[in-house]
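Spelled out from the first residue to the last, the chains are:
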Amino acid sequence: MKLLDIQNNSDKLGILASSLCLIHCIATPFLFLAHTASHVADHHGSKPLWWKSLDFIFLALSFIAVYRSTQTTSRPIMKYLFWSLWGILFASILNEKLELIHLGESIIYVVTLSLVALHFYNQKYCKCDNEKCCEN
């Protein structure tokens, strides 16, 4: 199985990207709490650039997976659900980076879990059997 074969594995990519994003979001506070406790905060507790950029890498992978999944789903409602959830995830991450409005971390957890569930559902029940069912 080739995971990078986006055409046939977009839901698997979406599940992987959303799951890794969720793990990243959950692990961040614990990793930096442990780091701060074990070292004197020379960098004032700031996160490394590579760690902060993971949000955007996961967001880009999620975009690709959502884009491809919406092209191959057999149910039109799935397209709206995928793009709505991805839009909320994008807005949440952007809001977190720009610190515009204080929102709890739970919104990102709920959205990423919802994307994982939607990709699982789409993979099991909404795949096209032939090229004709996916035509717009």
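As shown above, the structure is provided for reference.
All figures in this text were calculated on a predicted structure; none of them were measured in a lab.

Visitor: Lay out the overall build of the protein chain in plain terms, naming residues and giving numbers.
Guide: Helix and strand counts for the protein chain come out as four helices and zero strands. Helices (α) and strands (β) of the protein chain occur, in sequence order from the N terminus, as α-α-α-α. Burial analysis of the protein chain (136 residues in total) assigns 34% to the buried set. Here the contacts in the protein chain between residues at least 6 apart in sequence split such that 71% fall between residues at least 24 apart. When the accessible area of the protein chain is evaluated, it comes to approximately 8800 Å², of which 67% is carbon and sulfur surface.

Visitor: Lay out the nonpolar core in plain terms, naming residues and giving numbers.
Guide: Most often, soluble globular proteins have nonpolar side chains that are buried together. In terms of nonpolar packing, the biggest core is built from 13 residues, with Phe82, Leu89 and Leu115 touching the most fellow members. Sorting the residues of this core by element identifies α2 (49–72), α3 (76–98) and α4 (106–125) as the ones contributing at least two each. For this core, the leading source of residues is α3, giving six residues.

Visitor: Could you give me a rundown of the packing of aromatic side chains, with the residues and numbers involved?
Guide: Using the criterion set out here, one finds five aromatic pairs in the structure. Here Phe63 and Trp86 contribute two aromatic rings whose centre-to-centre distance is 5.2 Å and whose plane-to-plane angle is 65°, an arrangement assigned as edge-to-face. Linking Phe63 in helix α2 with Trp86 in helix α3, this pair joins segments that are 23 residues apart in sequence. The interplanar angle of 80° and the centroid separation of 6.2 Å between the aromatic rings of Trp83 and Trp86 together place this pair among those described as edge-to-face. You can see Trp83 and its partner Trp86 sitting in helix α3, three residues apart, about one turn around the helix. Residue Trp86 is classed as buried on the basis of its relative accessible area of 15%.

Visitor: Describe in detail the pattern of salt bridges, supporting the description with residues and values.
Guide: For side chains bearing opposite charge, pairing can occur when the charged atoms are close. This structure, assessed with the given rule, holds one salt bridge. For Lys97, the salt bridge identified is with Asp55, shortest N-O distance 2.6 Å. Of this pair, Lys97 sits in helix α3 while Asp55 sits in helix α2, and the two are 42 residues apart along the sequence. What makes Asp55 buried here is its relative accessible area of 6%.

Rules of the game
- Residues numbered from 1 in each chain as written.
- Predicted model: local features only at pLDDT ≥ 70, side-chain atom pairs only at ≥ 80, totals over all residues.
- Heavy atoms only, no water.
- Helix = DSSP H or I, 4+ residues; strand = E, 2+ residues; numbered from the N terminus.
- Buried < 20%, exposed > 50% of the residue type's maximum accessible area, 1.4 Å probe, protein only.
- Contact = heavy atoms within 4.5 Å.
- Areas by Shrake-Rupley, 256 points an atom, 1.4 Å probe, with all protein chains shown as cover.
- Core = buried A, V, L, I, M, F, W, Y, C linked by side-chain atoms within 4.5 Å.
- Phe/Tyr/Trp six-rings, centres within 6.5 Å; stacked < 30°, edge-to-face > 60°.
- Salt bridge = Lys/Arg side-chain N within 4 Å of Asp/Glu carboxyl O.

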